[in-house]
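Here's the letter readout for the chains.
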Amino acid sequence: MPKRAPYGTWSSPITPETVVSSSIVFDDVLVDPITSVVYHIEERPDEGGRSVIVNTTKDRDVIPSDFNARDAVNEYGGAPAVVYGSIVYFSNLSDGRVYSVEDKEGSQPSPVSPEDPNKQYRYANFAVHPVQTNLIASILEYHPDQNPQNVVTTLCVIDTMTATRTGLVEGADFYASPVFNPSGTRIAWQEWYQPDMPFEGALIYIADVSIENGAIVLSNRTYVAGEKLKISASYPTWISDTTLLYTSDESNGFQNPFIYSTTTGSARAALANPIEQDFAEPAWYFGLYPYALLGDGSYGAFTCLPGRSQHFPFVVAQHLKQSGHNATSFVFTASLNDQPGGVLLCTLGAAPSFAPTYEYLKRSAAQPVSNDYISLPQPFTLCKDGDPNGPLYAILYLPKNPDFEGLEGEKPPCITHVHGGPTSMSTQALSLQKIYFTSRGFAWLDVNYRGSSGYGRAYIERLAGNWGILDNQDCEDAVTILGEERNLVDSRRAAVRGGSAGGYTTLCSITTAKNNKYYKAVTSAYGGISDLEPLAQATEKFELQYMYKLLGGSPEEIPEVYRARSPYYNVVDSSGVPRITTPLLMLQGKKDPVVPPDQATRFLDKIKEQAPNEKLSYHFYDNEGHGWKLASTIKDALKREHEWYVENLL
């Protein structure tokens, strides 16, 4: 019989060690178009946080222990490898060079990109030419110095036979998704320009390809889709030599599939009636392809958000790849809400039902704990009375532990999580970090505030000009509604936590927010933003002008807004009385290239100076960047955060 004990005080078998050891993170899935062999890339926190390419079928590492298959293009990276004819080509994080390695026991990688002693070049998102297979198209990011405003991004070609590099396309601020048609006579790519992010205004182009003197030469560059500032076109793939598939929010503000014909020079929606669901997520990383062509390319498998069907039990599906030439199956990474996910193979039956069957190629873990400890997500669409901006979305995880129940009449304390981005979303995927807390008697609340992705372009754009305001208000409203109206959590014992953009919202909640004493404890989990103006000068090129839309202009245009929305300048009010009174835990990587560590150090110094009685705890992690990769960090950060809530929330 369960024992009654106050929420938040329960013991649990889910330890920080469980969280680290029982959840493999898969960065990508690769399919060799010649051999149809499947590979995946998995993170190894216990091996210095490196990413490893694995032959999925044989469960064999392809790269030795001193290599790290990860890139830092746009700092977030993604798509660091490609496989062709049993040869794996990959970016190595430590030196930035591209290597090739044969998929056989004992094979050693060899560099195929030029020497780079000053580590000024980065490569990602490769495409092997299907005829001249020694030529690989790649994103190239050049860092002439430490100033992110001077970074130059282009498309290049690597000749793997000579370890040389030549330019291919230049002129845009950013590039992604180079892809050749089956005969290698055309190439498509995505490009975009500041201040756009790829999910705001991105364009797709194609060009004719010819091989001259062993090199790729482009001609007849042609616009396909997208519009600066207004329409995003993403994820191009060739169906045939003359037909291109991509996604765009052109028709109804939701990412839907489109088809372009080089014969007619025109595009059309792939669906007879485009639907109000997103068939693609924002491309924060390269390689997040949300669909796979199947058979001869006349049909395919697509993901969409939000959505689930009885035939597709997964709450997250990414990195979709056709499992071989003309195959009616595809591989992908998947997550569920009640058990570990993994790398899966889905085979579709015959038309018209296309009934799917699923096979795990590799699980992210064995079942780490009994289902008795796994709190299932409860999604909510919440409406605040009198709010003309429509609903907000939240996912609640209530405490669950077979050995305990709360005291009579007690409601659980609530940990409110603010996702990063801010143009991103919290999903319903099983997270042992969340279960670590819910199994100890805390409620966990994910808020997909206005500005989150997955609900169409209009929902994303509601945050434009309102960052630091609406996100804060929505998080507070979600706790209040679920606490006071739904009677599910104790809104008087609520904490807020988040990293990156979520860390910014978290710090705003105790400084610039109207009700800056709403929460009882706060955690800036990593990369918390405190001062917007210097961040607009020092963050990576990818997000350098992202804030212009989120805040309503550049620092030069609206300096007063940058100052008013910066926690750094709002530690005290105009009378010198401390505004910040909520206990704050601040965690930060010392090598964060996205949110520099001085965002934390300067803010902490300001608090010590102006609010010396503020309860603070903080820790800076060596060899960590924007988020945690090392097992020791993941465990230590989790312990610190748990202790902070026990001390300040209960």
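Remember, predicted model here, so these are calculated numbers, not experimental data.

The rules behind each value
- Residues numbered from 1 in each chain as written.
- Predicted model: local features only at pLDDT ≥ 70, side-chain atom pairs only at ≥ 80, totals over all residues.
- Heavy atoms only, no water.
- Helix = DSSP H or I, 4+ residues; strand = E, 2+ residues; numbered from the N terminus.
- Buried < 20%, exposed > 50% of the residue type's maximum accessible area, 1.4 Å probe, protein only.
- Areas by Shrake-Rupley, 256 points an atom, 1.4 Å probe, with all protein chains shown as cover.
- Lys, Arg positive; Asp, Glu negative; His and termini not counted.
- Charge placed at Lys NZ, Arg CZ, Asp CG, Glu CD.
- Contact = heavy atoms within 4.5 Å.
- Pairing = 2+ DSSP bridges.
- Expected span 1.5 Å × (residues − 1).
- Arc of directions from axis to C-beta.
- Salt bridge = Lys/Arg side-chain N within 4 Å of Asp/Glu carboxyl O.
- Axes fitted to C-alpha atoms, helices over the stretch in contact; angles between N-to-C directions.
- Phe/Tyr/Trp six-rings, centres within 6.5 Å; stacked < 30°, edge-to-face > 60°.
- Lys NZ or Arg CZ within 6 Å of the ring centre and 35° of its normal.
- Core = buried A, V, L, I, M, F, W, Y, C linked by side-chain atoms within 4.5 Å.
- Polar contact = N/O pair within 3.5 Å; in protein donor to acceptor, adjacent residues only side chain to side chain.

Caption draft 1: Representation of the overall build of the chain within the structure. Along the chain, the regular secondary structure elements total 10 helices and 36 strands. Dimensions of the chain, computed from the C-alpha atoms along their principal axes, are close to 75 × 60 × 50 Å. The 650 residues of the chain split such that 58% are buried. Total accessible area computed for the chain in this model is approximately 25,200 Å², and 49% of it derives from carbon and sulfur atoms. Of the side chains in the chain, 51 bear a positive and 74 a negative charge, and the two mean positions are spaced by 4 Å.

Caption draft 2: Layout of the environment of Ser-453. Among the structural elements, Ser-453 can be located in the loop between β32 (443-448) and α3 (457-461). Discounting chain neighbours no more than four positions away, the residues touching Ser-453 are Pro-282, Thr-423, Ser-424, Met-425 and Ile-460.

Caption draft 3: Structural detail: the pairing of strand β11 (residues 135-142). Within β11, 7 of the 8 residues are buried, leaving the element largely enclosed by the surrounding structure. Here strand β10 (residues 121-128) runs beside β11; their pairing, made up of 6 bridges, is antiparallel. Paired with Tyr-121 across the strands is Tyr-142, a residue of β11. Connecting β10 to the next strand, β11, in antiparallel fashion are 6 residues.

Caption draft 4: Here's a closer look at helix α10 (residues 631-648). Over its 18 residues, α10 extends 26 Å from the first C-alpha to the last, a length consistent with the 26 Å expected when each residue adds 1.5 Å. Those residues of α10 that fall on the buried side of the exposure criterion are Ala-631, Thr-633, Ala-637, Leu-638, Glu-641, His-642, Trp-644, Tyr-645 and Asn-648. Viewed along the axis of α10, the buried residues span an arc of 170°, placing them on a single side of the element.

Caption draft 5: Spatial organisation of the pattern of salt bridges. Taken as a whole and judged by the stated rule, the model has 31 salt bridges. As a salt-bridge pair, Lys-629 and Glu-43 come within 3.1 Å of each other at their nearest N and O atoms. One end of the pair, Lys-629, is in the loop between β36 (616-621) and α10; the other, Glu-43, is in strand β3 (residues 38-44), with 586 residues separating them in the sequence. Among the residues examined, Lys-629 registers a relative accessible area of 26% and is labelled partly exposed. When its relative accessible area of 16% is taken as the criterion, Glu-43 is described as buried.

Caption draft 6: Spatial organisation of the sheet that holds strand β27 (residues 356-363). With respect to topology, 4 strands assemble into an open sheet ordered β24-β25-β26-β27, the strand pairing being antiparallel. Unpaired on one side and paired on the other, β24 (316-322) and β27 mark the two borders of the sheet. Between one strand axis and the next, the sheet turns by 30° as a mean value, whatever way the strands run. By the bridge criterion, 7 bridges tie strand β26 (residues 342-348) to β27 in an arrangement that is antiparallel. When the bridges of β27 are listed, Leu-345 appears paired with Glu-359.

Caption draft 7: Spatial organisation of the packing of aromatic side chains. On inspection of all chains with the given rule, the structure shows 44 aromatic pairs. Between Trp-284 and Phe-542, the aromatic rings sit 5.9 Å apart at their centres with planes inclined by 85°, giving edge-to-face as the arrangement. Of this pair, Trp-284 sits in the loop between β21 (266-269) and β22 (291-294) while Phe-542 sits in the loop between α6 (532-538) and α7 (546-551), and the two are 258 residues apart along the sequence. For Trp-284, a relative accessible area of 10% corresponds to the buried category. Measuring from centroid to centroid gives 4.3 Å for Trp-467 and Tyr-504, while their planes differ by 50°, and the two rings are tilted. Here Trp-467 is found in the loop between α3 and α4 (470-485), whereas its partner Tyr-504 is found in helix α5 (residues 501-509), with 37 residues between them in sequence. The exposure classification of Trp-467 matches that of Tyr-504, with both residues buried. Three or more aromatic residues joined by ring pairs form one cluster here, namely Tyr-76, Phe-174, Trp-192, Phe-199, Trp-284, Tyr-285, Phe-542 and Tyr-546. Between the NZ or CZ atom of Arg-440 and the centre of the ring of Tyr-436, over which it lies, the distance is 3.8 Å.

Caption draft 8: Local environment of unusual backbone geometry. That bond from Gln-194 to Pro-195 is cis: its omega, 10°, falls within 30 degrees of zero. Following Ala-351, the chain continues to Pro-352 via a peptide bond in cis, the omega torsion being 5°. Within the secondary structure layout, Pro-352 lies in the loop between β26 and β27. Although it is not a glycine, Asn-74 adopts a positive phi angle of roughly 60°. Inspection of the secondary structure puts Asn-74 in the loop between β5 (60-61) and β6 (81-84). Overall, Asn-74 belongs to the buried group, its relative accessible area being 7%.

Caption draft 9: Looking closely at α4. Counting buried residues in α4 gives 12 out of 16 residues, a clear majority hidden from the surface. Buried residues of α4: Leu-470, Asp-471, Asn-472, Asp-474, Cys-475, Glu-476, Asp-477, Ala-478, Val-479, Ile-481, Leu-482 and Gly-483, and no others. One or two positions beyond α4, positive phi appears at Asn-487, with a value near 60°.

Caption draft 10: View of the sheet that holds strand β13 (residues 164-169). Sheet architecture is open: 4 strands sit in the order β10-β11-β12-β13, paired in antiparallel fashion. Only two strands of the sheet have a single partner each, and these edge strands are β10 and β13. Averaged over all neighbouring strand pairs, the angle between strand axes comes to 35°, with direction disregarded. In this structure, β11 lies alongside strand β12 (residues 152-159), joined through 8 bridges in antiparallel fashion. Residue pairing for β12: Leu-140 is matched across the bridge by Thr-154.

Caption draft 11: Representation of the nonpolar core. Judged by nonpolar contacts, the single largest core of 89 residues is most densely connected at Leu-445, Trp-467 and Phe-603. A per-element tally of this core places α4 first, with 6 residues. Look past the residues within four positions of Leu-445 in its chain and what remains in contact with it is Ala-394, Ile-395, Leu-396, Cys-414, Ile-415, Thr-416, His-417, Ala-478, Val-479 and Leu-482. Counting residues in each nonpolar core, the second largest holds 25 residues, with Tyr-436, Ala-495, Tyr-621 and Trp-628 among its members.

Caption draft 12: Examining the environment of Leu-293 more closely. With respect to the helices and strands, the residue Leu-293 is situated in strand β22. Between the C-alpha atom of Leu-293 and that of Ile-239, which follows or precedes it by 54 residues, the distance is 7.4 Å. In this structure, Leu-293 is in contact with Thr-237, Trp-238, Ile-239, Leu-245, Tyr-299, Gly-300 and Gln-322, ignoring residues within four places of it in sequence.

Caption draft 13: How the structure looks around the environment of Ser-240. On the secondary structure map, Ser-240 appears in the loop between β18 (233-238) and β19 (243-248). Under the relative-accessibility criterion, Ser-240 is labelled partly exposed at 25%. Taking the C-alpha atoms as reference points, Ser-240 and Leu-398, separated by 158 residues in sequence, lie 49 Å from one another. Sequence-distant contacts of Ser-240, that is, excluding residues within four places in its chain, are made with Asn-181 and Pro-182. Reaching out from Ser-240, the side chain makes a polar contact with the side chain of Thr-243 at a distance of 3.2 Å.

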